[in-house]
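Structure at a glance
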Amino acid sequence: MTASGTPGSTDGTPGAPNTRATHVAPGPAGDAALSAEVAPSLADDAGSGGEETPSEGPSLAQALEAILMVVDEPVAEITLAQVLERPTAEVAAALRTLSAEYTASGRGFDLREVAGGWRFYTRAECAALVERFVRDGQQARLTQAALETLAVVAYRQPVSRARVAAVRGVSSDGVMRTLVARGLVEEAGTDPESQAVLYRTTSYFLERLGLRSLDELPELAPFLPDDVEILEEQK
């Protein structure tokens with residue numbers, strides 16, 4: 001059996017020995033010998049530039065920007081790492097580098113880590129302009145009662161509606177339903193003693209406040225009335 005090419009020659013010169021020609025005996029042993037002989041040739045062909053090397057895909061920074069541009073909630077580092085098939089530490093470092101670059105260049109947007117994930121946000125000094133464009137001057141703010149109720153839930157969670165009412169001194173049932181409907185508060189089981197429904201803040205609450213966790217909430221003790229514990233016991 002003779003390898004493909006000009007018989008008896010590798011450079012087109014008649015009579016020159018063909019170094020890639022081989023005789024293979026029939027049967028399994030012959031097949032093994034053929035494989036051993038042909039494999040190096042195929043490797044040489046592959047490395048000789050006979051086929052074009054596939055072009056590389058986007059960089060890690062480009063891939064992160066493309067994904068974060070379309071998300072509507074913070075994405076965890078481990079999730080991004082799984083999608084991009086990269087080490088989590090490498091993705092985390094790339095995210096922090098991008099965030100620093102955006103800040104250094106004075107971009108109108110910011111890449112921030114909040115609520116256990118990363119997401120693009122409007123930079124603070126541009127927020128008023130974006131709000132004017134999106135809402136056309138209309139404001140959709142929480143009422144004072146809703147803000148008070150939300151604060152009690154945030155600092156006392158998990159907490160029942162009765163305990164919230166004891167702190168505020170007024171029923172908060174309607175306000176609590178509004179906060180649940182807006183996704184800022186959610187049910188968190190029941191009290192083992194009273195069987196009352198307990199409430200806690202959501203990850204969306206952290207996102208809206210730009211917090212990574214509840215540990216970043218400011219200290220509230222200086223603003224609480226001295227008799228707050230007594231009010232709660234009288235619920």
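My aim in this report is to walk through the structure given alongside it, one point at a time.

Scoring rules and cut-offs
Starting from 1, residues in each chain are numbered consecutively following that chain's sequence as written. Per-residue local features are limited, in this predicted model, to residues with pLDDT of at least 70; the limit for side-chain atom pairs, both in listing and counting, is 80 or more; totals at the level of whole chains, interfaces and linings are taken over all residues. No hydrogens and no water enter the side-chain calculation; it runs on all heavy atoms of the structure. By the criteria applied, helices consist of DSSP H or I runs no shorter than four residues and strands consist of E runs no shorter than two, each listed in order from the N terminus. Being paired, for any two strands, means DSSP has found at least two bridges between them. The criterion used for residue contact is that any of the two residues' heavy atoms lie within 4.5 Å. Lines are fitted to the C-alpha atoms to define the axes, a helix being fitted only along its stretch in contact, and any angle between axes, read from their N-to-C directions, falls within 0 to 180 degrees. In this text, buried Ala, Val, Leu, Ile, Met, Phe, Trp, Tyr and Cys residues form a nonpolar core when linked through side-chain atoms within 4.5 Å. Under the scheme applied here, a residue whose accessible area is under 20% of the maximum for its type counts as buried, over 50% as exposed, and between as partly exposed, the area being computed with a 1.4 Å probe on protein chains only.

To continue, consider unusual backbone geometry. In most cases, non-glycine residues show a negative phi, while peptide bonds are predominantly trans. In this structure, the amide linkage connecting Gln 157 to the following residue, Pro 158, adopts the cis form with an omega of -10°. Here the phi dihedral of Glu 85 falls at roughly 55°; this positive angle occurs in a residue that is not glycine. Within the fold, Glu 85 resides in the loop between helix H3 (77–84) and helix H4 (88–104). Located in the positive-phi region is Gln 195, a residue other than glycine, with phi close to 65°. By the secondary structure assignment, Gln 195 is in the loop between strand E4 (185–190) and strand E5 (197–201).

This part covers the sheet that holds strand E3 (residues 159–160). Sheet architecture is open: 3 strands sit in the order E3-E5-E4, paired in antiparallel fashion. The open sheet has two edge strands, E3 and E4, and neither has a second partner. Looking at chain direction, E3 and E5 are connected through 2 bridges and run antiparallel. The partner of Ser 160 across the bridge, within E5, is Leu 198. Those strands touched by helix H6 (residues 144–156) are E3, E4 and E5, and its axis lies near 95° from that of E5.

A general tendency of soluble globular proteins is for nonpolar side chains to be buried together. Grouped together as the largest cluster of nonpolar side chains are 17 residues, with contacts concentrated most on Leu 150, Val 153, Val 164, Met 176, Leu 179, Val 185 and Phe 205. When near neighbours in sequence (up to four residues on either side) are disregarded, Leu 150 contacts Leu 142, Leu 179, Leu 184, Val 185, Thr 201 and Phe 205. Core analysis: the next-biggest nonpolar cluster, separate from the first, contains 14 residues, Leu 68, Leu 95, Tyr 102 and Trp 118 among them.

Further remarks concern the environment of Leu 217. Relative to the assigned elements, Leu 217 resides in the loop between helix H9 (203–209) and helix H10 (228–233). Leu 217 sits in the buried class, given a relative accessible area of 15%. The spatial distance from the C-alpha of Leu 217 to the C-alpha of Tyr 155 is 8.3 Å, given a sequence separation of 62 residues.

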